[in-house]
Amino acid sequence: MAAGHATAPDGPSGFQLSLYLNYFFAALLGVAFFLRLPTICSWLINGGLIRSSFFRRGSVDRTNAPLPTYALYRVAGRKPKPSGFLRAIAPVRPLAHTPLPGVSITLAQAFILAVSLAASVVVLAWGNINQLDSPRRSGWISVALCPAIVGLGLKNSIVGAMGGWGYEKLNTLHRLLGRLSFIFSLIHTIGFLNMWIKSNTIMKKLLYPSNQAAVIAEFGILLTAALSIPFFRRHAYSLFWYSHLVGFWMFLVAVCYHVPSVNWFIIPCIVAYSLDLVLRAARTRIATAHIRPHSQAGYTTLTIPSIRGGWEPGQHLYLRVHGLGGILGGAVIEKHPITIASAAGGEDGLRLVVKSAGDWTGRLIELAETRKGASRGEKTSFAATTRVWVEGPYGGPMYTSFGTSTSVLLLAAGSGLSFALSCAEDLIRLSKRNKCRTEMLEIVWVVRDVATFEVFEDELNDLLVEAETSPIELHFSVYITRPPSRGPNLSDLLPHKYAHFYSQRPSIAAIIEGVVTSARKEGCPHGVSVGVCGPAPVVRSVRAAVGGLDTGLMKDVGGVHIHSEMFSW
């Protein structure tokens, strides 16, 4: 951001219009909060804040947990249908998650971006001002977007708390608004450079300290924007992370010196970020993990017996592992998001399954092999240990629950089965205590080879055995895309009447339509929930398939709700 002399800051019109823009964003958040308020109240009354906010030591007995309000109908033996309003909006709700063709954003995200852009353009064009001759207002808009950008980018954000969204769901909007702020700062800079060049005063203007601060601010936001493109996020994450941290702080500090009156927008950003750091520290636990390598499949499993509660199914954590190199043994800087593969309250504690997908995960397998002393691919019992830092939990379905739906479909690709296992295990346990509405559960797992299947073999066996004594009707389908040319029959890998194996790629749209159609035949009164965890193409396919369902079919089953966890945000 660059501007004129800070001693003559923009008039009240620019400042007031920027405030109005923030009031508009606050109003949007207020509407979302109002719509979610009944669900939030139910979640709080049922102890959701205690269950899913901080990791806890010791065993957790969920038999005495407060009875969820949605389960009261089941206990009473009645199955009332949802209200007419819920059935009326049932066909509309999945459209929010439908991906737009050719881009990586959903219809809901595109709508919010369009509304934000329209509001910003209205503020920019108010009064019919030529931005090249009077570019201050575009600078005000760039700064006015900062609270929204920071609020959407923090792991512990009031935006996510009020709307019921995990930070990873808000990250796309965080990036889009960040680019919008950069564009307005660029308009601001170009406008002033145009004025100074025309008046032949550019060198004189750059001698003012406030304008030198503007150059630093513009460089900071340029650095942040340039190194935030997908290429750097995917192939040079450390470069992206450090440039993001350094560049944005350069912008915040320099712009305060450039125009001191912008503190109204910058100070809330600094306070929110500081509070986020405090909450991250409060949500961090140091523990000893049992570690086991699966070198042939490229996986590592970690179990932390001392942590047995404090998360909900589908949530993830950030993992730091001692002994992997880096500052203080890799425990301070390098951390990675890992989906929790077990339900709270289990005897084995918190379980993680980490797929080798880069340098850090590769070193994790090497550490496991070194500590274990096991030969490559050998199966042994847990004995090797390492110290870990776990931060979280984060994400997940938040204020909603798969247990509110009569039928549940869980789709997973590769290591995404961790998500499906934790959700299924929790549903089965709750169903035995009449604490969920779910009657039908379908799990579909797309896996590359048999070696990956063997990583989860014990957990799958335990799940199927436990399901036999549950009221839930469970079906488990495995699609192996690279089946072995020789070896045992695929059906022998998991000999169970509810397990089915296929040597092909699945038709996601056909599977989803089949589950919803079956739910209608069974008289599904409380909707179908679809959960998916996997790489971006798989998640987009599921969203598109749900959005493409017949509206009459969705209305008949009480709606189709979708929750997604994506490997890359």
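Presented here is an overview of the structure given in this document.

What counts and what doesn't
Residues numbered from 1 in each chain as written. Predicted model: local features only at pLDDT ≥ 70, side-chain atom pairs only at ≥ 80, totals over all residues. Heavy atoms only, no water. Phe/Tyr/Trp six-rings, centres within 6.5 Å; stacked < 30°, edge-to-face > 60°. Buried < 20%, exposed > 50% of the residue type's maximum accessible area, 1.4 Å probe, protein only. Lys NZ or Arg CZ within 6 Å of the ring centre and 35° of its normal. Pairing = 2+ DSSP bridges. Helix = DSSP H or I, 4+ residues; strand = E, 2+ residues; numbered from the N terminus. Axes fitted to C-alpha atoms, helices over the stretch in contact; angles between N-to-C directions. Contact = heavy atoms within 4.5 Å. Expected span 1.5 Å × (residues − 1). Disulfide = S-S within 2.5 Å. Salt bridge = Lys/Arg side-chain N within 4 Å of Asp/Glu carboxyl O.

Here we look at the packing of aromatic side chains
Then comes step 1: The tally for this structure, following the rule as stated, stands at 23 aromatic pairs.
Then comes step 2: Both rings, one in Phe24 and one in Phe25, keep their centres 6.0 Å apart while their planes meet at 55 degrees; by these two values the pair is tilted.
Then comes step 3: Given the relative accessible area of 13%, Phe25 is considered buried.
Then comes step 4: Connected via pairs of aromatic rings, a cluster forms that spans Tyr299, Trp445, Phe453, Phe456 and Phe501.
Then comes step 5: Taking NZ or CZ as reference, Arg283 lies 5.9 Å from the ring centre of Phe54, over its face.

Quick word on the sheet that holds strand S8 (residues 385-394)
Then comes step 1: Read across the open sheet, the 6 strands follow the order S6-S5-S8-S2-S3-S7; overall the sheet is antiparallel. Unpaired on one side and paired on the other, strand S6 (336-339) and strand S7 (350-355) mark the two borders of the sheet. Geometrically, the sheet is characterised by an average inter-axis angle of 40 degrees between neighbouring strands, direction not taken into account.
Then comes step 2: Relative to strand S3 (residues 299-304), strand S2 (residues 284-294) runs antiparallel, the two sharing 5 bridges. In the strand pairing of S3, Ile291 is matched with Leu302.
Then comes step 3: Strands S2 and S8 of the sheet are contacted by helix H14 (residues 263-282), whose axis makes an angle of about 60 degrees with S2.

Structural notes on helix H9 (residues 167-199)
A turn of α-helix holds 3.6 residues, and therefore any two residues three or four places apart point the same way.
Then comes step 1: Between the first and last C-alpha of H9 there are 47 Å, a value that for 33 residues agrees with the 48 Å anticipated at 1.5 Å per step.
Then comes step 2: Looking one or two places after H9, you find Asn200, whose phi comes out positive at around 55 degrees.

Observations concerning the pairing of S8
Then comes step 1: Buried residues dominate S8, accounting for 7 of its 10 residues.
Then comes step 2: Across 7 bridges, the pairing between S2 and S8 is antiparallel. Note that in S8 the partner of His290 across the bridge is Thr385.
Then comes step 3: The pairing of strand S5 (residues 316-321) with S8 spans 5 bridges and is antiparallel.

Things to note about the environment of His97
Then comes step 1: In this structure, His97 sits in the loop between helix H4 (84-89) and helix H5 (107-125).
Then comes step 2: Considering only alpha carbons, one finds His97 and Ala108, 11 residues apart in sequence, at a separation of 6.5 Å.

Regarding helix H16 (residues 417-432)
Then comes step 1: Between its terminal C-alpha atoms H16 stretches 23 Å, which fits the 22 Å expected from 16 residues at 1.5 Å a residue.
Then comes step 2: Burial runs high along H16: 15 of the 16 residues are buried.

Re the environment of Trp264
Then comes step 1: Tracing the chain through its elements places Trp264 in helix H14.
Then comes step 2: Along the primary structure Trp264 and Leu19 are separated by 245 residues, whereas in three dimensions their C-alpha atoms are 9.0 Å apart.

Digging into the state of the cysteines
Then comes step 1: Scanning the entire structure with this criterion turns up 0 disulfides.
Then comes step 2: The thiol of Cys256 is unpaired, and the distance to the nearest cysteine sulfur, on Cys269, comes to 9.0 Å.
Then comes step 3: Looking at Cys256, the relative accessible area reads 18%, which means it is buried.

A word on the sheet that holds strand S12 (residues 499-502)
Then comes step 1: Reading across from one edge, S12-S11-S10-S9-S13-S14 is the order of the 6 strands in this open sheet, with parallel pairing throughout. Looking at strand neighbours, the two that pair on one side only are S12 and strand S14 (560-566), the edges of this open sheet. Averaged over all adjacent pairs, the angle separating strand axes in this sheet is 15 degrees, with direction ignored.
Then comes step 2: Here strand S9 (residues 407-413) runs beside strand S10 (residues 440-447); their pairing, made up of 7 bridges, is parallel.

Topic: the pattern of salt bridges
Then comes step 1: Taken as a whole and assessed by the stated rule, the structure comprises 11 salt bridges.
Then comes step 2: For Arg320, the salt bridge identified is with Glu391, shortest N-O distance 3.7 Å. Of this pair, Arg320 sits in strand S5 while Glu391 sits in strand S8, and the two are 71 residues apart along the sequence.
Then comes step 3: For Arg320, a relative accessible area of 11% puts it in the buried group.
Then comes step 4: As a salt-bridge pair, Arg520 and Asp556 come within 3.2 Å of each other at their nearest N and O atoms.

Function cannot be inferred from these measures alone, as they are strictly geometric.
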